[in-house]
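Residue strings, one per chain:
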Amino acid sequence: MFHTKHRSGSILSNLAACFTLICSLFIALNISPVTGVIVPPARNETGVSAYFFDLSQVQLTDSRWHDNQNRTLTYIKWVDLERLLYVFRSNHKLSTNGASKNGGWDGPTFPFRSHMQGHFLTAWAQCWATLQDTTCRERAKYFVAELAKCQANNGNAGFAAGYLSGFPESDFTLLETGRLTNGNVPYYVIHKTMAGLLDVWRHVGDENAKTVLISLAEWVNKRTGKLSASQMQSVMNTEFGGMNDVLAELYYWTGDNKWLTAAQRFDHAAVFNPLASNRDQLNGLHANTQVPKWIGATREYKQTGASRYLDIAKNAWDMTVNHHSYAIGGNSQAEHFHTSDAIAGYLTEDTAEGCNTYNMLKLTRELWATSPSANYFDFYERALLNHMLGQQNPKDNHGHITYFTPLKAGSSRGVGPAWGGGTWSTDWNSFWCCQGTGVETNTKLMDSIYAYDSSSLYVNLFTPSKLNWQQRDITVTQTTTFPVDDTTTMTIGGSGTWAMKIRIPSWTSDATISVNGEQQSIITAPGSYATISRTWKSGDTVTVKLPMRLRLISANDNKNVAAVAYGPTVLSGNYGNNRVGSTPTLTLSSLKRKSSSRLDFTGTANGATVDIGPFFDAQGHNYVVYWSVSGSLPTSA
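Quick notes on the rules
Residues numbered from 1 in each chain as written. Predicted model: local features only at pLDDT ≥ 70, side-chain atom pairs only at ≥ 80, totals over all residues. Heavy atoms only, no water. Pairing = 2+ DSSP bridges. Helix = DSSP H or I, 4+ residues; strand = E, 2+ residues; numbered from the N terminus. Disulfide = S-S within 2.5 Å. Buried < 20%, exposed > 50% of the residue type's maximum accessible area, 1.4 Å probe, protein only. Salt bridge = Lys/Arg side-chain N within 4 Å of Asp/Glu carboxyl O. Axes fitted to C-alpha atoms, helices over the stretch in contact; angles between N-to-C directions. Parallel < 35°, antiparallel > 145°, perpendicular 65-115°, else oblique. Left-handed = near helix turned anticlockwise from the far one by under 90°. Contact = heavy atoms within 4.5 Å. Nonpolar A, V, L, I, M, F, W, Y, C, P; charged D, E, K, R; others polar. Core = buried A, V, L, I, M, F, W, Y, C linked by side-chain atoms within 4.5 Å. pLDDT = per-residue confidence, 0-100. 1 Å grid on protein atoms, 1.4 Å probe; cavity = no way out; pocket = protein on both sides within 12 Å on 5 of 7 lines; lining within 4 Å. Points joined across faces, edges and corners; volume = space filled by probe spheres on them. Expected span 1.5 Å × (residues − 1).

Caption draft 1: Expanded view of the pairing of strand β20 (residues 626-630). When strand β14 (residues 558-566) meets β20, the two strands line up antiparallel, connected through 3 bridges. In the sheet register, A562 faces β20, and the bridge partner there is W627. Two elements, strand β16 (residues 585-593) and β20, share 3 bridges in a ladder whose sense is parallel. For T587, the partnering residue across the bridge sits in β20 and is S630.

Below, the structure written as structure tokens:
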């Protein structure tokens, strides 16, 4: 800030001249100032057929998605950084500067304290990337600078060089010798910290983040490099997050082969071997412990070309999506997988942990890039719309979340974890894993709407948004009220010859696509991409109509127990504050839509009229998602 009034005219003239020069440089270099600082990877990936746009190239516009984003932004721009630094400073023998202690999973004595901060780093970096929000950028940079001070004090704290955490390094010795019994999951926490530092480096361009990250990675490499293969396999019996993922990513971004070697030490044979042989042995496994490993397998495939990694990830995805997932796209009960196709028997209060779906969406993106199938985005849409969107409490201006999404008849959202309990997450006394992934999810809701290859633009999701395809000097503005309405319109800015590939969901039929009001004679088969190849000019419009109908999503193990969906949207019955005993029987023929401008329905269950609406809007009341079903759906509603 300038604090003097002297020579203000001269100062303003100089500023204007500088601004004009900067803008002319951007134009000359064909760089958009909106894209921010992006660190390019050091090497190319293997087996990738299509690419997602950088976060800086897509922005949400007014919608429920945008509202979710704004609530989370309010929280991450408000949260006290000194409190978040408390456990790091305390552990590394630095002053906590009079900061208050956090509670919940970041309390000073909680075993895996300091995991949450990595999620905040990622959320701030994503906020900067998509919105160029300087508050988020400066928070990320300040936090990293303070972590660097912690790391630099390791000699005084009695830690090895590079170590960085909120708990003593001795926990790793206990882990390696099979004597860790305090509930800590040390490498799980290290993964979160490394992932956050990587995101601040690549999205913000902060070299300090790179330095701290590399130093921490060196510590991991030295520590794990001293262990035998059998010792490493024993270490991996304790949840370790996505260590193979972040280390493979570090190899991708730096080109240093030692990070790939370190990543492959975290290949968990007990999990990978059955999956490589396409054997479903998920029963009894802690669900979210597994999914990050599978994401890591896709990263390792892209860095090595070894097909076994891809087989592991694809088989895991197929098993989970088709045999272990609920209608809303979430999986797990009491955080665990059960036998294949066991759904109806596990409709409880502790279903669908949020982290699992966050990670399944990441896995889906990784696999889609290797094989751009609409099938992947049918699942992505299902889980994002029906689980993640409603995981956040819309009445909370800090965007707090439910850990579990209950599917027991008569349940309501707002259920915390077994370890710590509670309802919705809180500002200071929760810091659950799902709260961490929640701030990430709601700052990257735009990351998969569009993608591209050498000749095509993919439209994967129908979300109000604007794409800046700067590689072709093209913009695409998508306008829609989907899924309330079945139509979306995309308006092109700029000109050029390329193909638009629009996902035609498996839940629709008789989809139509019009360009500038003229219906196109192209194939719009459900579960595929419809392709329009043409020379585009600025102002062209593409209108996509995806007719919706009522449909059943039956439990795999009991076809008489089912959820009802309208198009992509899972519906639920509103029971207010009333208790619900056994699963109600819904008369399917009674279902009727009440409004064309809202997804409001009525139906008859156990002889009484029930209001039925989108499950993502089922907030503040008891609901029913899975019904005992009777009869047949109406041909129109």
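Caption draft 2: Representation of the state of the cysteines within the structure. Per the counting criterion, the structure on display carries 1 disulfide. Bridging C127 to C136, the disulfide has an S-S length of 2.3 Å. Here the S-S torsion is close to 80°, and the disulfide linking C127 with C136 is therefore right-handed. With respect to class, C127 is no different from C136; both count as buried.

Caption draft 3: Expanded view of the pattern of salt bridges. Applying the stated criterion across every chain, the model contains 22 salt bridges. Measuring nitrogen to oxygen at the nearest pair gives 3.6 Å for the salt bridge that ties D540 to R534. With its nearest N and O atoms 3.2 Å apart, the salt bridge here joins K537 to D540. Judged by relative accessible area, which is 48%, K537 ranks as partly exposed. Residues participating in the shared-partner salt-bridge network are D245, E249, R299, K302 and E366.

Caption draft 4: Spotlight on the pairing of strand β8 (residues 496-504). The sheet contact formed by strand β4 (residues 456-459) and β8 spans 4 bridges and is parallel. Counted as the bridge partner of V459 is I502 from β8. With 9 bridges connecting them, β8 and strand β11 (residues 528-536) associate as antiparallel partners. Bridge pairing links M500 to I532 in β11.

Caption draft 5: Spotlight on the packing of helix α14 (residues 287-304) against helix α16 (residues 354-370). Between α14 and α16, the shortest axis-to-axis distance is 9 Å and the interhelical angle comes to 20°. Compared by their axis directions, α14 and α16 come out roughly parallel. Seen from above, α14 lies across α16 with left-handed handedness. Residue-level inspection shows A287, N288, V291, P292, W294, I295, T298, R299, Y301 and K302 of α14 in contact with α16, the latter providing C355, N356, N359, M360, K362, L363, E366, L367, A369 and T370. When grouped by side-chain class, the residues that make up the contact of α14 with α16 number 11 nonpolar, 5 polar and 4 charged.

Caption draft 6: Region of interest: the sheet that holds strand β3 (residues 450-452). With respect to topology, 5 strands assemble into an open sheet ordered β1-β3-β4-β8-β11, the strand pairing being mixed. Among the strands making up the open sheet, the edge pair consists of β1 (51-52) and β11. By the bridge criterion, 2 bridges tie β1 to β3 in an arrangement that is antiparallel. Of the residues in β3, the one forming a bridge with Y51 is Y452. This element, helix α17 (residues 374-391), spans β1, β8 and β11 of the sheet and lies at about 60° to β8.

Caption draft 7: How the structure looks around the sheet that holds strand β7 (residues 487-493). Strand order in the open sheet made by the 7 strands is β2-β5-β6-β7-β12-β9-β10, with antiparallel pairing throughout. One side of each edge strand has no neighbouring strand; the edge strands of this open sheet are β2 (58-60) and β10 (518-519). With 3 bridges connecting them, β2 and strand β5 (residues 465-469) associate as antiparallel partners. Each residue of the ladder has a partner; that of V58, found in β5, is L467.

Caption draft 8: Here's a closer look at helix α13 (residues 269-276). Within the span of α13, buried status applies to V271, F272, P274 and L275. Of the residues flanking the end of α13, it is N278, one or two places downstream, whose phi is positive at about 60°.

Caption draft 9: Representation of the nonpolar core in the model. W294, M500, I502, V542 and W627 are the most contacted members of the largest nonpolar core, which has 95 residues in total. When residues in this core are grouped by element, the largest group, 10 residues, is from α17. Formed by 85 residues, the second largest nonpolar core is a distinct cluster that contains Y187, M243, C355 and I401.

Caption draft 10: Broad picture of the confidence of the model for the protein chain. For the protein chain, per-residue confidence averages 94 on the pLDDT scale, and residues scoring 70 or more make up 94% of the total. Scored below 50 in pLDDT, residues 1-37 shows 23 contacts in the model against residues more than four places distant or in partner chains.

Caption draft 11: Structural view of the layout of surface pockets. Size it by volume and the second largest pocket reaches roughly 410 Å³. Lining the second largest pocket are 23 residues, and of these V321, N322, R382, R551 and I553 sit closest to its centre. Looking at the lining of the second largest pocket, the elements that each hand over two or more residues are α15 (307-323), α17 and β13 (550-555). Of the residues forming the lining of the second largest pocket, the biggest block, 6 residues, is contributed by α17. Its residues assigned to classes, the lining of the second largest pocket comprises 11 nonpolar, 8 polar and 4 charged.

Caption draft 12: Fine view of helix α8 (residues 186-204). For α8, which comprises 19 residues, the first-to-last C-alpha distance of 27 Å matches the rise-based estimate of 27 Å (1.5 Å per residue) to within 8%. With respect to burial, α8 is a largely interior element, 18 of its 19 residues being buried. In the segment just after α8, G205 is the residue with positive phi, at about 80°.

Caption draft 13: Here's a closer look at the side chain of Q57. Here Q57 lies in the loop between β1 and β2. Residue class for Q57 comes out buried when judged on its relative accessible area of 6%. When sequence neighbours within four positions are dropped, the list of residues in contact with Q57 reads K466, L467, N468, W469, Q470 and Q471.

Caption draft 14: Structural view of unusual backbone geometry. Of note, the amide linkage connecting F482 to P483 takes the cis form, showing an omega dihedral of 10°. Relative to the assigned elements, P483 resides in the loop between β6 (474-480) and β7. The phi dihedral of N97 is positive, around 55°, even though this residue is not glycine. With respect to the element layout, N97 can be found in the loop between α3 (81-91) and α4 (116-131). Classification of N97 by relative accessible area gives exposed; the value is 52%.

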